[in-house]
Amino acid sequence: MENTSNSALLGNANRTIQNNERNEELAQAEIGVSSAIFILAVFGNSTVFLVFLLRRRSLTRMHLLMLHLSAADLSVAFFNVLPQLIWDVTYVFYGNDVICRFVKYFQLVVVYASAYVLVMTAIDRYFAICRPLVSHQWSSRTVHYMVAIAWIISLILSLPQIYIFSYMERTPEVFDCWATFDPSWTLELYITFNSVTVYVIPIIILTFCYGRMCYAVWKRGRVGEQIVSSTNIQWNHTDMSEKAKNNQGNDQVGKGDLHGSYQYRKGGSSDGHSRHGQPRGAIPRAKVRTVRLTLTVVFCFFVCSSPFHFAQLWAAFDPYAPFTSK
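Residues numbered from 1 in each chain as written. Predicted model: local features only at pLDDT ≥ 70, side-chain atom pairs only at ≥ 80, totals over all residues. Heavy atoms only, no water.

Sorry, what's going on with the overall build of the protein here?
If you tally the helices and strands in the protein, you get nine helices and three strands. N-terminal to C-terminal, the α/β element order of the protein is β-α-α-α-α-α-α-β-β-α-α-α. Across the protein, contacts joining residues at least 24 apart in sequence account for 78% of those joining residues at least 6 apart. Accessible surface, the protein: about 18,500 Å² in total, of which carbon and sulfur atoms supply 65%. (Helix = DSSP H or I, 4+ residues; strand = E, 2+ residues; numbered from the N terminus. Contact = heavy atoms within 4.5 Å. Areas by Shrake-Rupley, 256 points an atom, 1.4 Å probe, with all protein chains shown as cover.)

Got a minute to help me understand the packing of aromatic side chains in this structure?
The description of an aromatic ring pair rests on the distance of the ring centres and on the angle between the ring planes. Applying the stated criterion to the full structure yields 14 aromatic pairs. Judged by centre distance (4.6 Å) and plane angle (50°), the rings of Phe 102 and Phe 106 are tilted. In this pair, Phe 102 and Phe 106 are both assigned in helix α3 (residues 97-130), four residues apart and thus about one turn of the helix distant. Given the relative accessible area of 25%, Phe 106 is considered partly exposed. Through successive ring pairs, a cluster of aromatic residues spans Phe 79, Phe 102, Tyr 105 and Phe 106. (Phe/Tyr/Trp six-rings, centres within 6.5 Å; stacked < 30°, edge-to-face > 60°. Buried < 20%, exposed > 50% of the residue type's maximum accessible area, 1.4 Å probe, protein only.)

When you look at unusual backbone geometry in this model, what are you seeing that I'm missing?
Residues apart from glycine generally show negative phi values, whereas peptide bonds are mostly found in trans. Residue Pro 183 is bonded to the preceding Asp 182 through a cis peptide linkage, with omega at 5°. Within the secondary structure, Pro 183 is located in the loop between β3 (174-181) and α7 (185-245). Located in the positive-phi region is Tyr 91, a residue other than glycine, with phi close to 75°. With respect to the helices and strands, Tyr 91 occurs in the loop between α2 (61-90) and α3.

I would appreciate a short explanation of the UniProt feature "transmembrane region" (unreviewed entry) in the protein in the present structure.
Here the UniProt feature "transmembrane region" (unreviewed entry) sits at residues 31-53, 65-85, 105-123, 143-165, 189-210 and 293-317. Along residues 105-123 the backbone is 100% helical and 0% strand, and the end-to-end C-alpha distance reaches 27 Å. As annotated, residues 189-210 comprises 100% helix and 0% strand, and the C-alpha atoms at either end are separated by 30 Å. (UniProt positions renumbered as here; feature names shortened; annotations may be inferred.)

Just to check I follow, could you spell out α3 for this structure?
Because each turn of an α-helix spans 3.6 residues, side chains separated by three or four positions in sequence point in the same direction. With 34 residues, α3 should reach 50 Å at 1.5 Å per residue; the first-to-last C-alpha distance of 49 Å fits that figure. Measuring from the backbone nitrogen of Val 98 back to the side-chain oxygen at the start of α3 gives 3.2 Å, which picks out Asn 96 as the cap. (Expected span 1.5 Å × (residues − 1). Polar contact = N/O pair within 3.5 Å; in protein donor to acceptor, adjacent residues only side chain to side chain.)

Any chance you could explain the pattern of salt bridges here in plain terms?
If the charged atoms of two oppositely charged side chains come close together, the side chains can form a pair. As enumerated under the stated definition, the model contains three salt bridges in all. With its nearest N and O atoms 2.8 Å apart, the salt bridge here joins Arg 61 to Asp 124. With Arg 61 in helix α2 and Asp 124 in helix α3, this pair connects stretches of sequence that are 63 residues apart. Comparing Arg 61 with Asp 124 shows no difference in burial state: the two are buried. The shortest N-O distance in the salt bridge between Asp 97 and Arg 101 comes to 2.7 Å. Linking Asp 97 with Arg 101, this pair stays in helix α3, spanning four residues, or about one helical turn. Residues participating in the shared-partner salt-bridge network are Arg 61, Asp 124 and Arg 125. (Salt bridge = Lys/Arg side-chain N within 4 Å of Asp/Glu carboxyl O.)

In structure tokens, the structure reads:
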């Protein structure tokens, strides 16, 4: 049994299921929301992109990844949100079969790219925090390879869009860019496939990487505190020993001074800090700030993506779901 669809994941969402007519109130709301998303996405990501681009000679690996992430999100704005916004305004897709397949393919490619560049960022930070010896051997070229892998994965996973969508006659003498699923159960399969690959798998990887990083930051912070305490105890004990030996002669006092100096150099400083001001065994503050920043990005990814994918799966598997679709 053939099933034609243009659901929220695959296309417009401004017609009712029953009569396939445009819901003007819903269309206006969707146009308003899409316009706001487009403006905010372009302004925010363009600002970040230009700032990093102007500093490209002094960018770290993390900065390069943020640059690529901004570029991927800009691609979402121009290749996903903008075509959908135009489509909502015109109501019917104006073009031909080639343009239809091209638009629908790249609408999904950029969504995958945004998610998997974020995944590559998490992997890079994981190695920087948890496997610093391995990460130390990586260079800016490694970042470009990682981003290239993310885009290749996106291009491959989006290929079904080219086959599913075509420019076809939706109603007599009305042509539109439409998805065809035959048999009908392939619609549920495809929605599930997209949700798993663009949402579930990235969330699992992000959770693992940042879970391990948070544990490493907490653990090394505890180690740094212990080293501070043990160094102070050693120094105080040695200091007291020197005072006890002051009554035994100048020769013994000299030995006590030598012993005390040795303990001080071994600890690094009297407060247990290295010469760079960081507790021994602790992670540099710059890396901790980087983890906080990327955790914020991941949190936003989860909050913004979860409602869409849950609603999409609900609409695909429940014919009585309270959603409208094309």
